[in-house]
Amino acid sequence: MTDLRLRGVSKSFGEVTALRDVSLDVADGEFFTLVGPSGCGKTTTLRAIAGFETPDAGSVAFGDREMAGVAPEDRDVGVVFQNYALFPHMTVAENVAYGLRFREVPGGGSREERVAELLELVDLAGFGDREPDELSGGQRQRVALARALAPGPEVLLLDEPMSALDARLRQRLRTQVRAIQSELAITTVYVTHDQEEALAISDRVAVMNGGRVEQVGAPEAVYRRPATRFVAEFLGDNNVFTGEVDGGAVRVGASRFRVAGLDAPDGAPVTLCVRPEHLAVGDATNAFEATVETVEFLGEAFRASLDWDGREVTLRVPERPEARRLTVGFEPDDAHVVSVDGREPAVRRVEE
Ligand code: ATP
């Protein structure tokens, strides 16, 4: 069992700065997810943990062991990549056994027993004699997971393992991956650009942007209290309003919004956000009138796009809005301030 510690990790590739001063702590047995848009540095962070990249600055430690100079094969990590990377000419069982080529079998049993145990764990008992091309994409990823876990690594690293699969299969596989991770209580770092997946599967997430960590926290905390505008807009739909403090409220256009916990002097510029599901049709403490532009049926709700004096506002409501002009409102507790005075907090760690 191992916790991970990254301190001030930076990495450039020629002109491109992939990581800028990344510091993270992943607790023993935690499912920790790096999420962010393409190119934000997720894979480079994972590769630095695995030892495939050497940071230009900063350190990576597993528990109290510094990893500088330790080769990937000596780091005790299991890695699963996006593209299955199974050997096509080997059977499923041989692929899993390949994970044991440099290692003693954990627990001291035979290789065959260990392979059977792992195939059972990933729900592929009886598939040992098949070849990879006789498996579905989801099954191949489970074989890759079994192979990574076979030597009993201290740390599991997963780089977009589900991105090649269709949406329904992805959902099923992520539930399985999470169940296996919890059963083994293995320290896990997961990389995805899919914010819904990150929120669904993780103990905590780190939201990355431009090579930096913008916020670390439990999914609900980061969703409800984004530290920066980027996080507010990246994780789910959000309405972002800019205004200034005016007599204890925030003036946005012609409206004044009461916001819980606002502590800033008059005239300070403020950016606040309100989730579409926190806006309701009808009067409220904070209300404004807007014009309905489009309405989409989502199944469990309707998403309406509104125009409020040139600002685009998204509303998520249980009933189809019928009128063209609507009064829309929200309560002070449902607004969240992401910056005061134009300054966003550098990295805010929100733990719950
Ligand atoms: P994606 O979701 O697209 O995989 P990512 O968040 O994982 O993106 P990284 O792969 O870590 O991002 O890349 C971060 C930046 O570093 C990108 O601009 C990328 O082009 C660059 N980069 C990564 N690896 C290399 C490399 N070996 N040589 C040159 N540039 C690289």
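Just above sits the structure.
Reading the values: rules and limits
Residues numbered from 1 in each chain as written. Predicted model: local features only at pLDDT ≥ 70, side-chain atom pairs only at ≥ 80, totals over all residues. Heavy atoms only, no water. Salt bridge = Lys/Arg side-chain N within 4 Å of Asp/Glu carboxyl O. Helix = DSSP H or I, 4+ residues; strand = E, 2+ residues; numbered from the N terminus. Buried < 20%, exposed > 50% of the residue type's maximum accessible area, 1.4 Å probe, protein only. Pairing = 2+ DSSP bridges. Contact = heavy atoms within 4.5 Å. Axes fitted to C-alpha atoms, helices over the stretch in contact; angles between N-to-C directions.

Draft legend 1. Examining the pattern of salt bridges more closely. By the definition in use, this model includes 19 salt bridges. Taking the shortest distance from any N to any O, the salt bridge between Glu53 and Arg47 comes out at 3.0 Å. A salt bridge links Arg174 to Glu196; the nearest nitrogen and oxygen atoms lie 3.8 Å apart. With Arg174 in helix H5 (residues 167-184) and Glu196 in helix H6 (residues 195-201), the pair connects residues that are 22 residues apart, well separated along the chain. For Arg174, a relative accessible area of 14% translates into the label buried.

Draft legend 2. Quick peek at the sheet that holds strand S5 (residues 65-66). The antiparallel open sheet is built from 4 strands, whose spatial order is S2-S1-S4-S5. Because the sheet does not close on itself, it has two edges, and the strands there are strand S2 (16-26) and S5. Where strand S1 (residues 4-13) lies against S2, 7 bridges are found, and the strand directions are antiparallel. Residue pairing across strands places Leu4 opposite Val26, the latter belonging to S2. In the packing of helix H1 (residues 42-50) onto the sheet, contacts are made with S1, S2 and strand S4 (57-62), and the angle to S1 comes to roughly 120°.

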